[in-house]
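Spelled out from the first residue to the last, the chains are:
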Amino acid sequence: MNILDRYLLREYLKAFVVGLLFFIALIIIVRLLDYDLKKFEDDISYVTAVKIVLYQAPRRIMEMVPIAGFVAVFFTLGRMVRSNEFTAMKAGGISVYRLLAPILIVTLIICGLFAVFYNRVASPAFHEAHLLQNKVKPTRGRNVVFRGKNNRVFYSQRIALDAQKINQLTIYEYGAEDQLDRITFAKSATWTATHWELTDGYIRHFEQGTEVDYETFDTYTIERYEDPARFIGSEKDPRAMTIKELREQIAYKREAGQISRKEQVKLYHKMAYPFAAVVVVMLGAPIAIRFGKAGFFAGLVIAFFLSFIYWALSFATLEGLSENGKLHPFLACWGANILYAVVGSILIWRTPK
């Protein structure tokens, strides 16, 4: 790394950190304190409200990283254009590609770190905020039907997660071509980490739709693959899951024959969004070289505009289409990145050398 690289990176990273801190403060004060707190119930204490704000902050920080990256590159390169440093570098034989290479490499490293931050910090923190906002998770349900693994369908008349008990549980097991193989009924059921513990019930066996055997039991144990919390929707919000948890959820739902489009979209989103800053910087660099003389506030306006287009395209449009089954999750989540990278590459290529 030569003197020019160190100088360029120092100016860029300084602008990036200052911009990110500014936007973090802005988003917490404006969006969280002014907007989100208005939605809280009157009986939520001030301390709880502050906790919710703090737990939501890491996720909001992620929203500001692309904007901070654009403003940083616009400010750094724009200042070099205004002071004719950029012209002097070109006169010295330094190409635009050589100038932008260290910035893009460092931005890619920053994005990698924020990808870890998004997965390991922001998602669990969002889960804590979600629990505080909802105050009480559903722990009881009535007349619940749930499709589990291995072609099993569960019907529970009453389920109480807090007491770890189900009243009148019926398990329908299906074989090839969705033919009913067995019905297991229990007046009550509890569960361990690996098994269902059934009490006072019967088992009916079927072949080709005809009952061929009937037996009763006082206690009966079968393997448990299902999380009872899923029966009444108490599982984690996909937005609050880590990549590992999302993969496990997707695998479970596939085995159970359930739709997992939402989880697939969130999985690819967690992989794609942290790298939005790279493509935004690719787009911002040639804009800064061409229009850097317009000043910092012009860059700020352009940054918000481009970020708004990115969010509208990625979140509101492509990911919405994917959750409705109209678009593959990979294309939905990486589509905006690919589009911005292509446009940015074309603009860099067309920038006067």
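This structure is a prediction, so every number in the text was calculated from the model and none was measured.

Another point: the overall build of the protein chain. Broken down by element type, the protein chain carries 10 helices and 6 strands. Taken over the C-alpha trace, the protein chain has a radius of gyration of 27 Å; the compact-globule value for 353 residues is 20 Å, which it surpasses by more than 25%. Seen through its C-alpha atoms, the protein chain measures out along the principal axes to roughly 90 × 50 × 35 Å. Taking all 353 residues of the protein chain together, 47% fall into the buried category. Across the protein chain, contacts joining residues at least 24 apart in sequence account for 64% of those joining residues at least 6 apart.

Let us look at unusual backbone geometry. Phi is positive for asparagine 143, close to 50 degrees, though the residue is something other than glycine. Within the secondary structure, asparagine 143 sits in strand S1 (residues 140-147). For asparagine 143, a relative accessible area of 46% corresponds to the partly exposed category. Although it is not a glycine, glutamine 208 sits at a positive phi angle of roughly 55 degrees. In this structure, glutamine 208 sits in the loop between strand S5 (195-207) and strand S6 (210-223).

Judged by nonpolar contacts, the single largest core of 56 residues is most densely connected at Phe16, Leu20, Leu77 and Phe114. Of all the elements in the fold, those that place two or more residues in this core are helix H1 (3-35), helix H2 (46-82), helix H3 (85-91), helix H4 (96-134), helix H8 (276-291), helix H9 (296-323) and helix H10 (329-350). Element by element, the count of residues in this core is highest for H2, at 14 residues. Once you skip the residues sitting within four places of it in the chain, phenylalanine 114 turns out to touch Phe16, Leu20, Ile61, Met62, Val65 and Pro274. Listed in part, the 21 residues of the second largest apolar core include Val144, Ile159, Phe217 and Phe231.

Looking now at the pairing of strand S4 (residues 180-191). Alignment of strand S3 (residues 165-174) against S4, held across 8 bridges, turns out to be antiparallel. Looking at S4, one finds that asparagine 167 is bridged to serine 188. The hairpin formed by S3 and S4 contains 5 residues between the paired strands, and glutamate 177 there has a positive phi angle of roughly 55 degrees. Inspection of the sheet shows S4 paired to S5 by 9 bridges, in the antiparallel sense. Considered in S5, the bridge of alanine 186 is made with glycine 201. From the end of S4 to the start of S5, which pair antiparallel, there are 3 residues.

Further remarks concern the environment of glutamate 223. Position of glutamate 223 relative to the elements: it lies in strand S6. Judged by relative accessible area, glutamate 223 falls into the partly exposed class, the value being 47%. Residue contacts for glutamate 223: discarding those within four places in its chain leaves Arg152, Thr194, His195 and Trp196. In terms of polar contacts, glutamate 223 uses its side chain to reach the side chain of tyrosine 225, at 2.9 Å.

Taken together, the 6 strands give an open sheet; going across it, the order is S1-S2-S3-S4-S5-S6, and neighbouring strands pair in antiparallel fashion. Strand pairing shows two members of the sheet lacking a second neighbour, S1 and S6, which therefore form its edges. In this sheet, adjacent strand axes meet at a mean angle of 10 degrees when their direction is disregarded. Judged from the 8 bridges that link them, strand S2 (residues 152-160) and S3 form a sheet pairing that is antiparallel. The partner of arginine 158 across the bridge, within S3, is asparagine 167.

Taken together, Tyr97, Phe330, Leu331, Ile338, Val342, Ile346 and Trp349 make up a surface patch of nonpolar side chains, about 700 Å² in accessible area. In terms of residue count, H10 provides more of the nonpolar patch than any other element does, 6 residues in total. Looking at the secondary structure, you find tryptophan 349 in helix H10. Classification of tryptophan 349 as exposed rests on a relative accessible area of 60%.

Considering all chains together, one arrives at 18 aromatic pairs under this definition. Judged by centre distance (5.3 Å) and plane angle (65 degrees), the ring pair of phenylalanine 22 and phenylalanine 23 falls under edge-to-face. For phenylalanine 22, a relative accessible area of 47% puts it in the partly exposed group. Under the relative-accessibility criterion, phenylalanine 23 is labelled buried at 1%. On the numbers, 5.7 Å between centres and 40 degrees between planes, the contact of phenylalanine 154 with tryptophan 196 is tilted.

Taking 1.5 Å as the rise per residue, H8 with 16 residues should run 22 Å; its terminal C-alpha atoms sit 22 Å apart, in good agreement. For H8, the tally of buried residues reaches 14 of 16 residues, placing the bulk of the element in the interior.

Right, let's talk about H10 for a bit. Across its 22 residues, H10 extends 32 Å between first and last C-alpha, which sits within 8% of the 32 Å expected from 1.5 Å per residue. At glycine 335, H10 shows its maximal bend, which comes to roughly 45 degrees. Of all the positions in H10, only Pro329, Ala332, Cys333, Gly335, Ala336, Asn337, Tyr340, Ala341, Gly344 and Ile348 are classed as buried.

Reading guide: rules and limits
Going along each chain's sequence as written, the residues are numbered from 1 onward. Since the coordinates come from a predicted model, pLDDT governs what is reported: local features require at least 70, and pairs of side-chain atoms require 80 or more to be given and counted, while whole-chain, interface and lining totals use all residues. Calculated side-chain values reflect all of the structure's heavy atoms, with hydrogen atoms and water omitted. Segments assigned H or I by DSSP are reported as helices when at least four residues long, segments assigned E as strands when at least two residues long, and all are numbered from the N terminus. Computation of the radius of gyration draws on C-alpha atoms alone. For the globule rule, the value is 2.2 Å times the number of residues to the power 0.38. The classification of residues rests on relative accessible area computed with a 1.4 Å probe and restricted to protein chains. Under 20% of the type maximum is buried, over 50% is exposed, and intermediate values are partly exposed. Here, two residues are considered to be in contact whenever any of their heavy atoms come within 4.5 Å of each other. Here, nonpolar core refers to any group of buried Ala, Val, Leu, Ile, Met, Phe, Trp, Tyr and Cys residues whose side-chain atoms link them within 4.5 Å. Any two strands with at least two DSSP bridges between them are considered paired. By the criterion applied in these results, polar contacts are pairs of N or O atoms within 3.5 Å in which, for protein atoms, one can donate a hydrogen and the other can accept it, and in which residues neighboring in sequence qualify only through two side-chain atoms. A fitted line through C-alpha atoms represents every axis, and for helices the fit uses only the stretch in contact; the resulting angles, taken between N-to-C directions, go from 0 to 180 degrees. The residues that make up patches have over 30% relative accessible area and no salt bridge, and they are joined within 9 Å when like-charged or within 5 Å when they are Val, Leu, Ile, Met, Phe, Trp or Tyr. Here the Shrake-Rupley method, with its probe set to 1.4 Å, supplies the accessible areas, and only the displayed protein chains count as covering residues. Whenever a carboxyl oxygen of Asp or Glu lies within 4 Å of a side-chain nitrogen of Lys or Arg, that contact is scored as a salt bridge. What counts as a ring pair is set by centres within 6.5 Å for rings of Phe, Tyr and Trp (its six-membered ring), and what kind of pair is set by the plane angle: stacked under 30 degrees, edge-to-face over 60, tilted for all other angles. The span you would expect from a helix comes to 1.5 Å times its residue count less one. Each residue is assigned a bend, namely the angle between axes fitted to the seven residues that terminate at it and the seven residues that start at it.

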